[in-house]
Amino acid sequence: MNSTAARGSDALHKDFAWRYMLMGAVMSVMPILIIFQMVRIQTNPAHVEYLRQQSSTYSGMVQTIIPPRGEIYDRWGHLLAGNKTVYEVGIELSQVRNPNTIALALSTLLGLDYNFVFTAASQEASENAVYAVVANNVSKEQIDQLAELKDKVEEAYMGRANDPSLRGVVWYPKLARSYPEKEMGSNLLGFVNREGKGFFGVEEQYNNLLAGNPKTLWKSFDPNQVELPPELPEGASLVLTIDRAIQAAMEDVIDRAIETHGAESGTIVVVDPRSGEIMAMATTPRIDLNEYERQLGRYADGTPFNRAISQAYETGSVFKVLTMAAALDSGTVRPETTFVDTGIFEIGGTYIYNWNGGAWGPQDMTGCMRHSLNVCMAWLATQMKAKTFYDYMQAFGIGHLTGVDMAGENPGRLKLPGDEDWYDADLGTNSFGQGVSATPLQMATAISAVANDGVMMTPHIVHSIVYKGYQYEIERRVSGRPISPQTARELTEMLAVSLEVESSDALVSGYRVAGKTGTGEIPTPFGYTSNQTNASFVGWGPVDDIRFVVYVWLEKPQSSIWGSEVAAPVFREAVEELVVLLNLPPDDVRAQLQGK
Amino acid sequence: MDRVQSLTQAYSQAPWRKQLQMMGLFLLVVVFAAIVAGIYLSVTARAAEIGRQIQSLQSKIEDVEQTNSDLMSQLAFITSAEQMRSRALSMGFRPIELAEPVFLPVPEYVERQPVILAPAPAPVVPSTPPLPAEYTESLFVWLQRQIDRSTFLFFEVQE
């Protein structure tokens, strides 16, 4: 029985043996094949690269995190530049069913060109053509309309072939710069282009601070590998020294003045001489910064974006303030020194005449300023000698950058003895503002020294920087002390008296101000023009407690060529607005309140 | 020889028992592996779910930040100087004239200051670790302090 069972068992074993062997062989061959395939893949560089590419495509994506650009506020916290959500509209080519519907919808809703969209949507999807951007900076309202239409079309036709379909149209939100005040302050703010780079003004000067530091990182699609995004600080925000109300008022004043006097352009700069803070900087042309791409054409033909800092011009008689300051401070003359004006002065072979060609006889220094005598100024410059005169002009910052924290500043031009194009006659002409060029801000800064007891503060437009949860105030910087406090006070008094005696159009009811007009002839390749001028006025006040310096410049006014007739009334108008906005009581009220 | 064989046979386990043991062992391994796999799957699934939640929350944070910026801009647009002026004019207000303001003395009046959006950074004070009193006091003072402390503790315990 047992032997029979054993035989049966052996037969059974033999019967199944080949099957075991077959299974064993298969089980052995399979790992060998797997190992072979592994080796084959690993040793074929093209294959390795292909798989690596596939893996990187489907396992995650490289993402650049761009921190929101910092905001820009005026000194009271009104937003001047912020961020708003806009949308990029694109087409996922592999999902497109009907390019015609897409082109029709996008041209109707977004105002895009039909052919452009149709061509983009008709592209064959491939490794090199996956997605096409068709519109940028699309508003939320437009996207809402597009989404509604897409839903309706989808509901009506269910994406059937050859039927209308908006499949493939996609949109992504992103932050873009917005300027709530539109044109106001556009010249000083500058703008940010689509790539997030600042151009002109504060946006360019502080671009690195405002933009923050973008970071590129790998973002895995695998939820098991999800990581918290790195803590990226937002771009720094800026609080400007600009007062929105004053800026708006000055822009209104200059716009009205340009219209009234038919000037080519106009500029008003308002500076606090005690700190160098720029309270307003109004100039033309301005653009709506939200539409900068369409409006930049206004700056064609070399028109500077911000004339106040970028356009140097021959200022004319406002420059006499600096010449007189130098003459008084160097001890060359006293306010009561008498000069006998014969109406002509020869220097370096050139004859200097007064603005009206007349002789004004004996004049003290106040008279020289009151009548704006070129002959007197040329005499002062020669009395000082060239070295003293030019040393003072350089100390006032003429021919140098003011150091204002805005992009695009022009240093102007001050020819110096020893320069190839400097002649002896230049000493005479420079003394009354001819042959020397400066920007409105340079002039305002230099004359701030006269208004601020001889101390010249560096002009600045950023009051403080908000970064990483702290607000850092910008320190005031003294850029020089070109004259003594006594000279500054004497000159201020002389120029206040000048305006009062002349009953100037610049006088402001209730407020004692000092100032000087300027009429600069415009140089051309054929000499100076007399029928087209630069009309300027610089003034400061109130004289007993100086709070502002206002510089006015009208380019080529048509109503009159004289600064006293064109720019002086603009100064008065500007100051009348300014004192109200600064809550500055009239002199008598202030004296009463202070118990004087 | 036969005795040895019979002894071996007597004490050896029946084949079915051996098979049962083998199967039991195999099943034990399978069950253990299944438990480990189950726990692994459960933990992985939870981690994946939380990962998805984090991704979703990150996306929400971005949305909220964008909405916030957007609303700030909208607010600034509707309170811009031009808008406020036209609103004021439509409500019957007019710009004030130079002679119209009335100024009154206000005791303790503080002039309007520029906006403060964040605190100023704290001044940096170099920190020096305080020296223990033992390094600065004389032996007599130290002794006095010890006595005072002991006396204080003694009275405190008594109370």
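Residues numbered from 1 in each chain as written. Chains lettered and ligands numbered in written order. Predicted model: local features only at pLDDT ≥ 70, side-chain atom pairs only at ≥ 80, totals over all residues.

(A) Layout of the overall build of chain B. When you go through chain B residue by residue, the secondary structure sums to 5 helices and 0 strands. Beginning at the N terminus, the succession of helices and strands in chain B can be written as α-α-α-α-α. For 159 residues, the compact-globule estimate of 2.2 N^0.38 gives 15 Å, and chain B exceeds it by more than 25% at 43 Å. Per-residue burial over chain B gives 3% buried out of 159 residues. (Helix = DSSP H or I, 4+ residues; strand = E, 2+ residues; numbered from the N terminus. Rg over C-alpha atoms; globule rule 2.2 N^0.38 Å. Buried ≥ 20, exposed ≤ 12 C-beta atoms within 10 Å, placed from the backbone.)

(B) View of the overall build of chain A. Within chain A one finds 20 helices and 24 strands. Considered along the principal axes of its C-alpha atoms, chain A spans approximately 155 × 60 × 50 Å. Classification of the 596 residues of chain A by burial places 45% in the buried group. Counting contacts in chain A only where the partners sit at least 6 residues apart, residues at least 24 apart contribute 72% of the total. (Contact = placed C-beta atoms within 7 Å.)

(C) Focus on unusual backbone geometry. Residues and elements named next belong to chain A. Geometrically, the link from Thr 284 to Pro 285 is a cis peptide bond, its omega value of -5 degrees lying close to zero. Its location among the elements puts Pro 285 in the loop between strand 11 (277–283) and helix 10 (292–295). In this chain, Gly 541 is followed by Pro 542 through a cis amide linkage whose omega measures -20 degrees. Within the secondary structure, Pro 542 sits in the loop between strand 23 (527–541) and strand 24 (548–555). Phi at Asp 301 is positive, roughly 60 degrees, even though this residue is not glycine. In this fold, Asp 301 is placed in the loop between helix 10 and helix 11 (307–310). With a phi close to 50 degrees, Ser 503 is a non-glycine residue in the positive phi region.

(D) Highlighting the packing of helix 12 (residues 320–329) of chain A against helix 14 (residues 374–384) of chain A. Residue and element names in this part refer to chain A. Two elements in contact, helix 12 and helix 14, have axes separated by 10 Å at closest approach and are oriented at 40 degrees. The pairing of helix 12 with helix 14 is recorded here as oblique in orientation. By crossing handedness, the relation of helix 12 to helix 14 is classed as left-handed. Counted together, Lys 320, Thr 323, Ala 326 and Ala 327 of helix 12 and Met 377, Leu 380, Ala 381 and Met 384 of helix 14 form the full contact between these two elements. Counted by class, the contact of helix 12 with helix 14 contains 6 nonpolar, 1 polar and 1 charged residues. (Axes fitted to C-alpha atoms, helices over the stretch in contact; angles between N-to-C directions. Parallel < 35°, antiparallel > 145°, perpendicular 65-115°, else oblique. Left-handed = near helix turned anticlockwise from the far one by under 90°. Nonpolar A, V, L, I, M, F, W, Y, C, P; charged D, E, K, R; others polar.)

(E) Quick peek at helix 4 (residues 114–121) of chain A. All names here are of chain A. For helix 4, the set of buried residues is Val 117, Ala 120 and Ala 121. Angularly, the buried residues of helix 4 cover 95 degrees about the axis, an arc narrow enough to put them on a single face. Those residues of helix 4 that are buried lie in contact with strand 3 (79–92), helix 3 (99–110) and strand 4 (131–138). (Arc of directions from axis to C-beta.)

(F) Just the interface of chain B and chain A, in detail. With 31 residues of chain B at the contact, the number on the chain A side is 37 residues. No other element matches the 16 residues that helix 2 (residues 15–78) of chain B contributes to the side of chain B that touches chain A. Residues belonging to the side of chain B that touches chain A are distributed by class as follows: 20 nonpolar, 8 polar and 3 charged.

(G) View of the packing of helix 3 of chain A against helix 4 of chain A. Residues and elements named next belong to chain A. The geometry of helix 3 relative to helix 4 is characterised by a closest axis approach of 8 Å and an angle of 145 degrees between their N-to-C directions. Judged by the sense of rotation from one axis to the other, the crossing of helix 3 with helix 4 is right-handed. Where helix 3 approaches helix 4, its residues Pro 99, Asn 100, Ile 102, Ala 103, Leu 104, Leu 106 and Ser 107 are matched on the opposing element by Tyr 114, Val 117, Phe 118 and Ala 121. Class assignment for the residues of the contact of helix 3 with helix 4 results in 9 nonpolar, 2 polar and no charged.

(H) Geometry of the domain arrangement of chain A. What the domain assignment reports for chain A is domain 1 (2–43), domain 2 (82–180) and domain 3 (244–290 + 307–593). Relative to domain 3 of chain A, the C-alpha centre of domain 1 of chain A lies at a distance of 104 Å. (Domains from an automatic or database assignment.)

(I) Main features of helix 18 (residues 485–502) of chain A. Residues and elements named next belong to chain A. Compared with an ideal rise of 1.5 Å per residue, which puts 18 residues at 26 Å, helix 18 spans 26 Å between its outermost C-alpha atoms and is within 8% of the ideal. Burial in helix 18 covers these residues: Thr 487, Ala 488, Glu 490, Leu 491, Thr 492, Met 494, Leu 495, Ala 496, Ser 498 and Leu 499. For helix 18, the elements touching its buried residues are helix 12, helix 13 (365–370), helix 17 (440–451) and strand 22 (514–524). One or two steps after helix 18, the chain reaches Ser 503, where phi turns positive at roughly 50 degrees. (Expected span 1.5 Å × (residues − 1).)

(J) Main features of the pairing of strand 22 of chain A. Residues and elements named next belong to chain A. As defined by bridge partners, strand 22 adjoins strand 23 across 11 bridges and the pair is classed as antiparallel. The residue bridging Thr 524 from the neighbouring strand is Gly 527, located in strand 23. Two successive antiparallel strands, strand 22 and strand 23, enclose a turn made up of 2 residues. (Pairing = 2+ DSSP bridges.)

(K) The environment of Ser 86 of chain B, seen in detail. All names here are of chain B. By the element assignment, Ser 86 lies in helix 3 (residues 81–90). Of the residues examined, Ser 86 has 11 C-beta atoms within 10 Å and is grouped as exposed. Separated by 36 residues in sequence, Ser 86 and Ala 122 place their C-alpha atoms 43 Å apart.

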